[in-house]
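Descriptive analysis of the structure
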Amino acid sequence: MALDTDSGIASYEAPEKDLYEMGEIPPMGFVPKQMYAWAIRKERHGEPNTAMQLEVVDVPKLDSHEVLVLVMAAGVNYNGVWASLGKPISPFDGHGQPFHIAGSDASGIVWAVGDKVKRWKVGDEVVIHCNQDDGDDEACNGGDPMYSDSQRIWGYETPDGSFAQFTNVQAQQLMPRPKHLTWEESACYTLTLATAYRMLFGHEPHDLKPGQNVLVWGASGGLGSYAIQLINTAGANAIGVISDESKRDFVMDLGAKGVLNRKDFNCWGQLPTVNTPEYADWFKEARKFGKAIWDITGKGNNVDMVFEHPGESTFPVSTFVVKKGGMVVICAGTTGYNLTFDVRYMWMHQKRLQGSHFAHLKQAAAANQLMVERRLDPCMSEVFSWSELPEAHMKMLRNEHKPGNMSVLVQAPRTGMRTLEEVLEARS
Ligand SMILES: C/C=C/C(=O)SCCNC(=O)CCNC(=O)[C@H](O)C(C)(C)COP(=O)(O)OP(=O)(O)OC[C@H]1O[C@@H](n2cnc3c(N)ncnc32)[C@H](O)[C@@H]1OP(=O)(O)O
Ligand SMILES: NC(=O)C1=CN([C@@H]2O[C@H](COP(=O)(O)OP(=O)(O)OC[C@H]3O[C@@H](n4cnc5c(N)ncnc54)[C@H](OP(=O)(O)O)[C@@H]3O)[C@@H](O)[C@H]2O)C=CC1
């Protein structure tokens, strides 16, 4: 056999069936009629352990620019929590389908390709980024696809996410899998890493520069743990915030210049009305927090950027401690959406408030390349079995999850596997 005809795909025996049990691998490229999935239904909206139920559903049909991926492992994100709760929006109001399969992160193997797909072939090992768009408007052609009216998040605004044996995605969502990582490690990082990448490097002229200082809320969390590492790769300084001393070493070991414990301060929640005694108390505490930052950055040296996502509880302080001409970049309001701040500091100190949402392919791919080159640690905190998938989301809902990012095994039968061959060997 000529060397260049070797596909590199493992050859193995497997029966053709309509439905495979979890961990059972069909013949390469054979698409069964049905699959197992954790599905949410509108009438089940509520906490993940009741909203998500195991169901047998049809394997999605491929369009010409789409790719069917056999999911080996899936990442756990807040999206699964929000989709279960149906808050702040119900995904059913967007896509109108009878069930919703959540899951916006995955590692897996390309199992079938649409007839217009050129960049990927059956057998390729991939990770999936969660931005979809129709690709046909000005934003997608010369602009920023994240501004397209068709922009949507796979597994949150689409009904066909990664909490299933197969998932159907646009070909442009695929990126090469870092081969040094296990299936579960490769599944855990893309959503939060790419979001952090766009927040830090996607908003010129406030894209992060060497030597700058960034305050990172939730520094031990999914977004925060990558923000700290990305700030390091840029030669800038991260000041991380935690709520428990047990997280300090984790954040310092990721490369933070300093760590503050928010429990040592009392300036959280909405801003009290300006010029009241309550405001004076808040201001005193906010200055104490700002002074603690100066102890790390140098006296009077405010941060160039604040990496925001808690929202309501931290926003008044974020807008205060960022320097003149600096930027507060925000991608969420986990603690509440009613953000307040003292606008005098915003206009007099000419600060920028920048919203940020996930990332486009170029940004996600740049972030992924850093992972491929082993410059970043995936910070996988915990791996769950397929049957524990709703419970992993309950942990996140209760903020009881460990520092880093969580993963769930889907078709990978156990942890620590890096290839399809290892998965096939585990069958015997
Ligand atoms: C990668 C990971 C990502 C994440 O994790 S993100 C976190 C999880 N995601 C979320 O929490 C999603 C949050 N999204 C939302 O809550 C909603 O998505 C928004 C509040 C952002 C938007 O709400 P909506 O109802 O979808 O759209 P509207 O644009 O507000 O439209 C509502 C109605 O208002 C009309 N309208 C909009 N702009 C104007 C205007 N400037 N003047 C007059 N009317 C306007 C529209 O047409 C429409 O009306 P009509 O309901 O009748 O169609
Ligand atoms: N728009 C987008 O594209 C994206 C948005 N998101 C959103 O970002 C948010 C965070 O996601 P992720 O990083 O994965 O979540 P994690 O739970 O992993 O991390 C969030 C961190 O926030 C901190 N936190 C919790 N409560 C508060 C509080 N009251 N004040 C300050 N900090 C608090 C916690 O750290 P500690 O208690 O130690 O301070 C926690 O570790 C979610 O709402 C998610 O939906 C996520 C990815 C993409």
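Residues numbered from 1 in each chain as written. Chains lettered and ligands numbered in written order. Predicted model: local features only at pLDDT ≥ 70, side-chain atom pairs only at ≥ 80, totals over all residues. Heavy atoms only, no water.

The name given to the protein in an unreviewed UniProt entry is Crotonyl-CoA reductase, and the organism recorded there is Ruegeria meonggei.

The next subject is the sheet that holds strand β1 (residues 34-40). Within the open sheet, the three strands sit side by side as β2-β1-β4. Their pairing is antiparallel. At either margin of the open sheet sits one strand with a lone partner, and together these are β2 (52-58) and β4 (100-101). (Pairing = 2+ DSSP bridges. Helix = DSSP H or I, 4+ residues; strand = E, 2+ residues; numbered from the N terminus.)

Membership of the largest hydrophobic core comes to 104 residues, with the highest contact counts inside it found for Leu174, Leu200, Ile231 and Phe307. The dominant element in this core, judged by the number of residues it contributes, is strand β3 (residues 66-76), at nine residues. Each of domain 1 (34-192 + 359-426) and domain 2 (204-355) accounts for three or more of the residues forming this core. Counting 24 residues, the second-largest nonpolar core is a separate cluster that includes Cys267, Leu271, Val321 and Val322. (Core = buried A, V, L, I, M, F, W, Y, C linked by side-chain atoms within 4.5 Å. Buried < 20%, exposed > 50% of the residue type's maximum accessible area, 1.4 Å probe, protein only. Domains from an automatic or database assignment.)

It is worth spelling out the domain arrangement of the protein at this point. Buried accessible area, meaning the area lost when the parts come together, often serves as the stated size of an interface. Assigned domains within the protein: domain 1 (34-192 + 359-426) and domain 2 (204-355). Using only C-alpha atoms to locate each centre, domain 1 and domain 2 end up separated by 30 Å. Both sides of the domain 1 and domain 2 interface together cover about 1,200 Å² of buried area, and 66% of this is carbon and sulfur. Joining domain 1 to domain 2, the criterion identifies zero salt bridges. Taken together, the connections running from domain 1 to domain 2 amount to four residue pairs in polar contact (both at pLDDT 80 or more). When its residues are assigned to classes, the side of domain 1 that touches domain 2 shows eleven nonpolar, three polar and two charged. (Buried area = accessible area lost by both parts, 1.4 Å probe. Salt bridge = Lys/Arg side-chain N within 4 Å of Asp/Glu carboxyl O. Polar contact = N/O pair within 3.5 Å; in protein donor to acceptor, adjacent residues only side chain to side chain. Nonpolar A, V, L, I, M, F, W, Y, C, P; charged D, E, K, R; others polar.)

Our focus in this paragraph is the site of ligand 1. Every residue close to ligand 1 is listed here: Asn79, Trp82, Pro88, Ile89, Cys130, Ile153, Tyr156, Leu191, His357 and Phe358. Here Asn79 contributes a side-chain N or O atom positioned 2.8 Å from an oxygen atom of ligand 1. (Near = heavy atom within 4 Å.)

With five bridges joining them, strand β14 (residues 303-308) and strand β15 (residues 322-330) adopt parallel strand pairing. Note on β15: the bridge partner recorded for Met305 is Met327. Regarding topology, helix α9 (residues 315-321) serves as the crossover connection from β14 to the parallel β15, and that connection is right-handed. Sheet topology places β15 next to strand β16 (residues 352-355); four bridges connect them, and they run parallel. In the strand pairing of β16, Ile330 is matched with Gly355. (Right-handed = clockwise from strand over helix to strand, strands pointing away.)

So, on to the environment of Ser84. As for its position among the elements, Ser84 is in helix α2 (residues 78-85). Using a relative accessible area of 0% as the deciding quantity, one classes Ser84 as buried. Beyond its immediate stretch of four places on either side in the chain, Ser84 contacts Ile40, His45, Gly46, Glu47, Pro48, Ala51 and Met52. (Contact = heavy atoms within 4.5 Å.)

By the definition in use, this model includes 19 salt bridges. One salt-bridge network, held together by shared partners, links Arg41, Arg44 and Glu55.

What follows covers helix α11 (residues 361-372). Over its twelve residues, α11 extends 16 Å from the first C-alpha to the last, a length consistent with the 16 Å expected when each residue adds 1.5 Å. Among all positions in α11, only Gln363, Ala364, Ala367, Asn368, Leu370 and Met371 are buried. Looking straight down α11, one finds its buried side chains confined to an arc of 150 degrees; they lie on one side. Buried residues along α11 sit against β6 (125-128), β10 (174-176), α5 (190-201) and α6 (222-233). Looking one or two places after α11, you find Arg374, whose phi comes out positive at around 60 degrees. (Expected span 1.5 Å × (residues − 1). Arc of directions from axis to C-beta.)

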